[in-house]
Structure formats: C-alpha cells, structure tokens
Amino acid sequence: MPTEPALSIVIPLCNEEATLSSLFEQIAATVETNALGSFEVIFVDDGSTDGSWKKIEALKQAHPEQVVALRFRRNHGKAAALSAGIEQARGDIIFTMDADLQDEPAEIPSFLAKLDEGYDCVSGWKQLRKDPLGKTLPSRFFNAATRATSGVKIHDFNCGFKAYRAEAIHSVELYGELHRYIPVLLAAEGFTTAEIPVEHHRRTHGVSKYGWKRLFKGGLDLITVVVITRYLKRPGHFFGGFGMISGMLGFLILASLTIEKLIFGHSIGQRPLLQLGILLVILGVQLISTGLIGELINFNSKSQSQKTPRITETL
Ligand code: UDP
Ligand code: MG
C-alpha cells in the first residue's frame, strides 16, 4: 500500500480528452514548484464517449503513483462523479477542479494559504467569469437565491474549484445537482467556508455540458437543500407549518360563515367560501398528518438525522 498523499485532486470529467494531459502536467508542476509534497490526481470518467479514458490510461501508466483512474460505465452527472472521487481520496486536503482547464492549477497554493487560516472549505470565486451571458445571468439568480435561503454568504456556490479539509468533505453526501450547494451542506454540519477570487479561462476545448435542463434540476435541488439542512430532524415542522396555516385559515372562514348564519341569519348554502373553508381544513389535516408520519418514521429509524450529533472534540 503506498503512503498516503498530502493532497488529493478530484477531477470529474465527461468528454474532455483534449485537456487531460496538460491539466495533469500543470498540477504536477504547481505541486513541485511550491514543494507541496505528495499528491494524487483522481480522474473520474463520467461515461465519456470520446478518447478521455485512453488519455487517463496513458497518464496512469506514466505516473502510477500519482494517478487514480475511476470510470463510470455511463454518464451519472458531475455530483455522482465528484462523490465517487472524494470517497477514494486519501489526502488530508482534497481539491476538486473541472477538467476543461477553465480553472487555473497554479492557484492551488492560494487555496492552501486560505485553508491555513482555519477554514474547512475554500471556494473559488469566478469574479470575471468567461462564460456567455445566458449562463452568467441565471447563475447570479441562483447564487442570490441560495444565499438568501441558506444564510451562507458567498458569491459563487457553483465554482468547481474548491479545497476542503478531508473531515469536512467526507461528511457530506452528494447526488443529483447537490454539488452546487456543498458550502450549504457543510454549514449544516458546522463547517466553515471562505472564498478567494480565482481566474476563469474561456473554454478552449470541448463543449460545456451546461443546459437549461440542468438549471431546472438545480433549482429543484435548492428546495431539497433547504429542507434537508433545516428540517431533516423535524419534518413535522416543515409540513406541519403549512398545514397549520391552511387549517387555521379554513377554520376562520368556516367560523365566520357559522357566525353569519347564527347571528345574521345569512344562509350558508352553496357559497364558494364554504367550499374553500372545507378544502383548507382538509388540506391542513392532511399536511399535519404527513408531517407526523415523517416524524414517526424519523423517530423509528436509525437514520443519519436521528443520530446524536457527532462530537468533534473533548477535553
Ligand atoms: N462533467 C461531468 N459530468 C457531467 C457534466 C460535466 O463530469 O455530466 C464535468 C466536465 O467534464 C467538467 C466539469 O464537470 O470537467 C464542469 O463541466 P462544464 O465545464 O461542462 O460546466 P461549465 O464550466 O460549463 O459550468
Ligand atoms: Mg467548464
């Protein structure tokens, strides 16, 4: 078993054959120039259909100690690829970086310097983003929505270039589009994130895998993130909150109709308000019951959410 490297660099990729060798060389040169010690580059081929895997095989042959090569039979998405790579990473510090050379490997030392200040995660901030407007505008909206709902105040959640202490990143599970919200998931565990401005190069090879579909899925995942970070332990409060509001409104409507009938003798008859009132009360009962079922399942399971929070230090 080889000794554990100090740094792991996880690179998810799908059809990026043109940049892989150069990316590896730039990383190796940066590590050497700055005497950063031992390192491993974990390539995760997320179902490429071009020559990416061949390139990775060649790199593995040339640098057996430094290259770890993982491959999915088909495309599972960036979050799954990151997750598989992070699981294998043995370094105390784990980087993630895109494969398309839009990130600048020479900036690795700046991330390490910021981590040294005591943060658990350092996230790149593409201040001068080299992407088309159709992509930067939705991204601004996303970042603002994520900041507002999560309370984590960074500018650029989705930057692929990040560095973590191993303990922090090994504590989160990634799937779907959740990689966009890692700092939020980390914050829920009590880990801190700092941001440093990074260079962002134009994509010169291959094509972006970004699209409207991904944007849409990412939006849905924001709801997931808010629910799992704020309500994982108390699902009843999430559903029950809506249920209480709906039930109360329905009750008030029905009560006012009854009072009108009793005091002023107005007929209730087929009034739309009656139907609305009944609907809201039923909805309220349903939502509160859903929340209760959630709480019961949660209580009876040995799931993550039910565990006593992990103690990180004792004296
Ligand atoms: N990627 C991946 N699986 C996917 C989509 C993307 O592994 O299903 C990789 C891609 O090869 C690149 C990184 O994720 O290394 C960022 O993707 P991309 O450059 O397409 O995103 P953009 O920079 O345009 O937001
Ligand atoms: Mg890119």
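Thresholds, definitions, all that
- Sequence order as written defines residue numbering, which begins from 1 separately in each chain.
- Think of it this way: whatever chain is written first is A, whatever ligand is written first is 1, and the rest follow in order.
- The predicted nature of this model means local features are confined to residues of pLDDT at least 70 and side-chain atom pairs, given and counted, to a pLDDT of 80 or more, with totals for whole chains, interfaces and linings taken over all residues.
- UniProt positions are given in the numbering used here, feature names are shortened, and annotations may be inferred rather than shown by experiment.
- In this text, helices come from DSSP runs of H or I with a minimum length of four residues, and strands from runs of E with a minimum of two, each type numbered from the N-terminal end.
- Any residue whose backbone-placed C-beta atom lies within 6 Å of a molecule or strand is treated as near that molecule or strand.
- Under the convention adopted here, Pro, Cys and the residues Ala, Val, Leu, Ile, Met, Phe, Trp and Tyr are nonpolar, Asp, Glu, Lys and Arg are charged, and Gly plus all remaining residues are polar.
- Counting other C-beta atoms within 10 Å of a residue's own tells you its class, since 20 or more makes it buried, 12 or fewer makes it exposed, and anything in between is partly exposed; those C-beta atoms are placed from the backbone.
- What counts as a contact here is a pair of residues whose C-beta atoms, placed from the backbone, lie within 7 Å.
- By definition, two strands form a pair when at least two bridges between them are found by DSSP.
- Handedness of a crossover is defined as follows: orient the strands so they point away from the viewer, and if the path from the first strand over the helix to the second runs clockwise, the crossover is right-handed.

Trainee: Is there a simple way to think about the UniProt feature "domain: Glycosyltransferase 2-like" (unreviewed entry) in the protein chain in this case?
Mentor: Mapped onto the present numbering, the UniProt feature "domain: Glycosyltransferase 2-like" (unreviewed entry) falls on residues 8-169. With 41% helix and 20% strand, residues 8-169 has end C-alpha atoms that lie 12 Å from one another.

Trainee: For this particular structure, what's the right way to read the site of ligand 1?
Mentor: Near ligand 1 there are 17 residues, and of these Pro12, Asp46, Ala99, Ser208 and Lys209 occur at the shortest range. Counting only elements with at least two residues in the shell around ligand 1, the list comes to strand S1 (7-13) and helix H3 (78-88). Residues belonging to the shell around ligand 1 are distributed by class as follows: 6 nonpolar, 5 polar and 6 charged.

Trainee: Looking at this structure, I do not really get the environment of Ala18. What am I missing?
Mentor: Along the chain, Ala18 turns up in the loop between S1 and helix H1 (20-33). A tally of 18 C-beta atoms within 10 Å means that Ala18 is categorised as partly exposed. Distance from Ala18 to Lys55, taken between C-alpha atoms, is 8.8 Å for residues 37 residues apart in sequence. Non-local contacts of Ala18, meaning those with residues more than four positions away in its chain, are made with His205 and Gly206.

Trainee: What's the story with the pairing of strand S3 (residues 67-72) in this structure? I'm lost.
Mentor: Sheet topology places strand S2 (residues 39-46) next to S3; 6 bridges connect them, and they run parallel. Its bridge partner being in S3, Asp46 is matched across the sheet by Phe72. Viewed along the sheet, the connection from S2 through helix H2 (residues 52-62) into S3 turns out right-handed.

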